[in-house]
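# Results of the structural survey
Listed here are the chains, written in short residue letters.
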Amino acid sequence: MAESNAVAAGVRVEARFAELRRDLAVALFTAAAARSEAALIASDVAWLEAQVRLGRTRVASGTEPAAMVLRMENELDRRRLDWTNAVARRRDAEEAVEIQVSSTGVSSGAAKRGALPSGNWQLATGHSPSWSLPPVADSVPFGPVLVRFAERAEPEVLRREREIGVASAAVQVMRRSQRPDFAVGVQSYHESATGTAAQGMLTVTMSVPWLNRANYRRDLERERARLASAEARVEDARLQVRREVHRLVTQIDAGRREALLMHDVVLPRTRRMQESLEGLWTSGRAELRDLLEVRRQRIEAEMAEVRATTEYWMAVSELLLCCGLEDLETVRELVADGGAVKEGGMKR
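Thresholds, definitions, all that
- Residues numbered from 1 in each chain as written.
- Predicted model: local features only at pLDDT ≥ 70, side-chain atom pairs only at ≥ 80, totals over all residues.
- Heavy atoms only, no water.
- Pairing = 2+ DSSP bridges.
- Helix = DSSP H or I, 4+ residues; strand = E, 2+ residues; numbered from the N terminus.
- Salt bridge = Lys/Arg side-chain N within 4 Å of Asp/Glu carboxyl O.
- Buried < 20%, exposed > 50% of the residue type's maximum accessible area, 1.4 Å probe, protein only.
- Contact = heavy atoms within 4.5 Å.
- Phe/Tyr/Trp six-rings, centres within 6.5 Å; stacked < 30°, edge-to-face > 60°.
- Lys NZ or Arg CZ within 6 Å of the ring centre and 35° of its normal.
- Axes fitted to C-alpha atoms, helices over the stretch in contact; angles between N-to-C directions.
- Parallel < 35°, antiparallel > 145°, perpendicular 65-115°, else oblique.
- Left-handed = near helix turned anticlockwise from the far one by under 90°.
- Nonpolar A, V, L, I, M, F, W, Y, C, P; charged D, E, K, R; others polar.
- Expected span 1.5 Å × (residues − 1).

### A look at the pairing of strand 1 (residues 182–190)
By the bridge criterion, nine bridges tie strand 1 to strand 2 (residues 197–206) in an arrangement that is antiparallel. Within strand 2, the position partnered with valine 186 by the bridge is leucine 202. The loop that links strand 1 with its antiparallel partner strand 2 comprises six residues; one of these, glycine 195, has a positive phi angle of about 80 degrees.

Rendered as structure tokens:
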């Protein structure tokens, strides 16, 4: 029973460590996305400031109505507010990363929270993170090999499998408790003055469990029911893992497709149109409302790419946790080789 509990405790520690790695990766991707969003808004604010200056010059010369410039000025103030909020969200995300690392015992060396200014936070290695959001990688095909690895390595499945060992040991303990228990004891008494032996006693005791057989039988049935419940929970966890792996693979594919669509098709086309309209508006051959509309579509596409890329990597982090693997390359090799993974590729 003690050995089973010790093994279960060790599995819980390892599973919790894997979950902390996943949580840290999610926090890092969230911080990188917040920084990317703030950078995009800052770039848009700079563009609007330049257009407002140009618009005021054209209003003074009588070639542009004042109402359109007023629209740009209001949009500029709103985007400045968006930038202020984005910076606050970025700092909050970076603080969350620092707290996450500090809580796992990998402190950056800061004596207390807030000791390092925002953006200068460092890991124990001494390298300052760039907070850049990586581009999406390859897709992950769903298949029985991936599910089989997830069923063997997912932390919740591992915890529940160890519960079976504990429940089985409890059944064995209860079964053996129905046997007679013998105890032998020796007592001796000595004279307080001389220290010589004065009296000795030998005791033999034995329990008689047969007189309480009904209660022992009920206790044994209770432990057997707990064992059956633990086995059912393991099966349920495996089914949930299969469902979760399928959901994560679907989310990975969806995020990858959207990010690539924005990056390779929508954004280049929209930026070319914006540059063309900007040149035409500068020369007085295009309407400002058309330029602002194309700019709005560009902003939406840029934000959509950031969101899709973040969702992609968060889903990848969840999938790595489920499969007990360390990186996406190992997942691809696993699926390509049909389950033949190098020693050490699986992390429990």
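Resuming the write-up.
### Here we look at the pattern of salt bridges
For the coordinates displayed, the defined rule picks out 28 salt bridges. Between aspartate 23 and arginine 22 there is a salt bridge, with the nearest N and O atoms lying 2.6 Å from each other. Using a relative accessible area of 17% as the deciding quantity, one classes arginine 22 as buried. A network of salt bridges, in which partner residues are shared, links Asp44, Glu75, Arg78, Arg79, Asp82, Arg271, Arg295, Arg298 and Glu302.

### Structural notes on the side chain of glutamate 223
Locating glutamate 223 in the fold gives a position in helix 5 (residues 213–282). Contacts of glutamate 223, omitting those with residues within four sequence positions, involve Ala170, Val171 and Met174.

### Some points on the packing of aromatic side chains
Under the counting rule described, the total for this entry stands at two aromatic pairs. Seen in terms of ring centroids, phenylalanine 29 and tryptophan 313 are 5.8 Å apart; in terms of plane orientation they differ by 20 degrees. Their pairing is stacked. Here the residue phenylalanine 29 occupies a position in helix 1 (residues 2–61), and tryptophan 313 occupies one in helix 6 (residues 288–323), the gap between them amounting to 284 residues. Neither phenylalanine 29 nor tryptophan 313 differs from the other in exposure class; each is buried. Plain terms: the ring middles of tyrosine 312 and tryptophan 313 are 5.1 Å apart, the flat faces sit at 90 degrees to each other, and that makes the pair edge-to-face. A relative accessible area of 0% places tyrosine 312 in the buried class. One aromatic cluster is present, formed by Phe29, Tyr312 and Trp313 through successive ring pairs. Note that arginine 58 overlies the ring of tryptophan 281, its terminal NZ or CZ placed 5.0 Å from the centroid.

### Notes on the packing of helix 1 against helix 5
Running from N to C, helix 1 and helix 5 cross one another at 20 degrees; their axes reach a closest spacing of 12 Å. Judged on the interaxial angle alone, helix 5 and helix 1 are roughly parallel. Crossing angle aside, the handedness with which helix 1 passes helix 5 is left-handed. When helix 1 is examined against helix 5, the residues Trp47, Gln51, Leu54, Gly55 and Arg58 are found in contact with a partner set consisting of Gln274, Glu278, Trp281 and Thr282. The class makeup of the residues in the contact of helix 1 with helix 5 is three nonpolar, four polar and two charged.

### Quick word on helix 4 (residues 155–176)
In a regular helix each residue adds 1.5 Å, so 22 residues correspond to 32 Å; helix 4 covers 32 Å between its end C-alpha atoms and thus fits that length. Where helix 4 is concerned, the buried positions are Pro155, Val157, Leu158, Arg159, Arg160, Glu161, Val166, Ala167, Ala169, Ala170, Val171 and Met174. Residues of helix 4 that are buried make contact with helix 1, helix 3 (144–153), helix 5 and helix 6.

### Description of the environment of arginine 213
Structurally, arginine 213 is set in helix 5. As a C-alpha pair, arginine 213 and glutamine 178 span 35 residues in sequence and 7.5 Å in three-dimensional space.

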